[in-house]
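Listed here are the chains, written in short residue letters.
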Amino acid sequence: MDPMFDVIIVGGGPAGLSAALILGRCRRSVLVCDAGKPRNKASHALHGYLTRDGIEPADLLRIGREQLRPYTTVHMRSDEVTEARRVDNGFEITVNNDVVSSRKLLIATGVVDELPDIEGLKPLYGQSVFHCPYCDGWELRDKPIAIYGREDQGAGLALELTGWSRDLIICTDGPATLSASDRKQLDGLNIPVREERIARLEGSDGQLDSIVFDNGDVLPRRGMFFNTGQDQRCDLAARLGCEFTDRGAVRTGEYEMTNVPGLFVAGDASRAVQLAIVAAAEGAEAAFAINKALIKEDLLLNDSDETATRSRV
Ligand SMILES: Cc1cc2nc3c(=O)[nH]c(=O)nc-3n(C[C@H](O)[C@H](O)[C@H](O)COP(=O)(O)OP(=O)(O)OC[C@H]3O[C@@H](n4cnc5c(N)ncnc54)[C@H](O)[C@@H]3O)c2cc1C
């Protein structure tokens, strides 16, 4: 392996692979390290990705890796990066006890979703229980849908879901703390709020059939959406000194640059719109800026020479 890569990319999801493709085409030496835990692993299909609508999530990644093969300067490792440090001329990472260096570092490590702690949810998650209507609302259009949101968390998601179905019920799994104006709006839209504790979800082959409450009531539903929150998949960006937004995303500026010089963060970890195609676009943007920065360094240009590297694209 090269002693010093131009770029190390941590994370081989849509964001990381897309960045690797652009950087490979720029003839950059690139190492992609991927721990193999994509956010949407449980999902039955990836929707809304132009030309790939409905593809199995693993197939998108397989095609992405295959299409990187001709770019011989791009290397892949199926390993977790456990450490990352800034050093004088770039970055050093530790991967499976090897220390590898690069001039620039791109973190594309994604996020992990907090699942509601409900018996029977896991086998249905990604099949008929989801968090994102933009990803999976179409398949549940006009169907009976539950919105899981404790206290006052379900109201916003319920209003959003009216675009897909008008047969909606909020389940707060305990006392609701909805404001009077939320209650009025939900009443006006005929969206009931069920405050009973949920005992379990019932279904088979990934298909939700019903929500069973502690009191024995059974509520037939074909789908459920929730928004219980998420965390960064790994803490490398935090340990490198990145700033975060109050929603837990890495704060990035133009072209996915962070406050740490030479460090870029793309995809869900920096959280704009959390769709795979947006993650891929962010990866490409970061790659563009990284290559531009490397050209400047190689030609010993400074910022006043900006026109020399300005691309016409
Ligand atoms: C159930 C579900 C369904 C979804 N459906 C859709 C959909 O239909 N359409 C859509 O557009 N989006 C969908 N999404 C969202 C989509 O999955 C994300 O927007 C997309 O995966 C983000 O890509 P990413 O590259 O930022 O992160 P990820 O795809 O999560 O990839 C990050 C990669 O980084 C790796 N990694 C993390 N830490 C390390 C480390 N320290 N070292 C090495 N590797 C590391 C992880 O293992 C992972 O492979 C869905 C999400 C979920 C949860």
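Cut-offs and rules
- Residues numbered from 1 in each chain as written.
- Predicted model: local features only at pLDDT ≥ 70, side-chain atom pairs only at ≥ 80, totals over all residues.
- Near = placed C-beta within 6 Å.
- Helix = DSSP H or I, 4+ residues; strand = E, 2+ residues; numbered from the N terminus.
- Nonpolar A, V, L, I, M, F, W, Y, C, P; charged D, E, K, R; others polar.
- Core = buried A, V, L, I, M, F, W, Y, C linked by C-beta atoms within 7 Å.
- Buried ≥ 20, exposed ≤ 12 C-beta atoms within 10 Å, placed from the backbone.
- Contact = placed C-beta atoms within 7 Å.
- Axes fitted to C-alpha atoms, helices over the stretch in contact; angles between N-to-C directions.
- Left-handed = near helix turned anticlockwise from the far one by under 90°.
- Pairing = 2+ DSSP bridges.
- Domains from an automatic or database assignment.
- Arc of directions from axis to C-beta.
- Expected span 1.5 Å × (residues − 1).

Student: Describe the site of the ligand, with residues and values.
Tutor: Surrounding the ligand, one finds 41 residues, the nearest of these being Gly11, Gly13, Asn40, Gly110 and Gly267. Counting residues per element, the ones that place at least two in the shell around the ligand are α1 (14-25) and α7 (276-298). For the shell around the ligand, a count of residues per class yields 20 nonpolar, 14 polar and seven charged.

Student: An account of the nonpolar core is needed here, citing residue identities and associated values.
Tutor: The nonpolar side chains of a soluble globular protein tend to be buried with one another. Counting residues in each nonpolar core, the largest one holds 47 residues, and the members touching the most others are Ile8, Ile9, Ala19 and Leu106. Sequence-distant contacts of Leu106, defined by excluding residues within four places in its chain, comprise Val7, Ile9, Ala19, Phe264, Ala266, Ala286 and Ile290. Formed by 29 residues, the second largest nonpolar core is a distinct cluster that contains Leu178, Leu186, Leu201 and Met224.

Student: Go over the packing of α1 against α7 with me, naming the residues and quoting the values.
Tutor: Two elements in contact, α1 and α7, have axes whose closest approach is 7 Å; the angle formed by their N-to-C orientations is 40°. Judged by the twist between their axes, the crossing of α1 over α7 is right-handed. Residues Pro14, Ala15, Gly16, Ser18, Ala19, Ile22 and Leu23 of α1 form the contact with α7, whose own contacting residues are Ala276, Ala279, Ala280, Glu282, Gly283, Ala284, Ala286, Ala287, Phe288, Ile290 and Asn291. For the contact of α1 with α7, the class distribution of residues is 13 nonpolar, four polar and one charged.

Student: Go over the pairing of strand β13 (residues 207-213), please, and point to the residues and values.
Tutor: As paired strands, strand β12 (residues 198-204) and β13 are joined by six bridges and run antiparallel to one another. Among the inter-strand pairings, Ser204 is bridged to a residue of β13, identified as Gln207. Linking two consecutive strands that pair antiparallel, namely β12 and β13, is a turn of two residues; a positive phi of about 50° is found at Asp205 within it. Where β13 meets strand β14 (residues 218-220), three bridges bridge the pair, whose relative direction is antiparallel.

Student: Tell me about the domain arrangement of the protein, and please be specific about residues and values.
Tutor: Taken domain by domain, the protein consists of domain 1 (4-112 + 230-309) and domain 2 (115-226). The distance between the C-alpha centroids of domain 1 and domain 2 comes to 35 Å. Across the boundary between the two partners, domain 1 contributes six residues, which contact eight residues of domain 2.

Student: Can you lay out helix α4 (residues 154-161) for me, pointing to particular residues and giving the numbers?
Tutor: If you check which residues of α4 are buried, you get Gly154, Ala155, Ala158 and Leu161. For α4, the buried positions fall inside an angular range of 125° around the axis, keeping them on one side. The secondary structure elements touched by the buried residues of α4 are α3 (133-136), β9 (145-148), β10 (168-171), α5 (180-188) and β15 (223-226).

Student: Provide a residue-level description of α7, including the pertinent values.
Tutor: With 23 residues, α7 extends 33 Å from end C-alpha to end C-alpha; this agrees with the ideal 33 Å at 1.5 Å per step. Within α7 the residues assigned to the buried category are Ala276, Ala279, Ala280, Glu282, Gly283, Glu285, Ala286, Ala287, Ile290 and Asn291. Phi for Leu300, located one or two positions after α7, is positive at around 55°.

Student: Please provide a residue-by-residue account of the sheet that holds strand β8 (residues 129-130), values included.
Tutor: Across the sheet, which stays open at both edges, the five strands sit in the order β8-β15-β9-β10-β11 with parallel pairing between neighbours. Unpaired on one side and paired on the other, β8 and β11 (193-194) mark the two borders of the sheet. The sheet contact formed by β8 and β15 spans two bridges and is parallel. Opposite Phe130, over in β15, you have Phe225 as the bridge partner. In this fold α4 packs onto β9, β10 and β15, with an angle of close to 150° to the strand it touches most, β9.

Student: An account of unusual backbone geometry is requested, with residue identities and associated values reported.
Tutor: Unusually for a residue other than glycine, Arg27 sits at a positive phi of about 65°. Among the structural elements, Arg27 can be located in the loop between α1 and β2 (30-33). You can call Arg27 exposed: it has 12 C-beta atoms within 10 Å. Although it is not a glycine, Asn97 adopts a positive phi angle of roughly 70°. Within the fold, Asn97 resides in the loop between β5 (90-95) and β6 (98-107).

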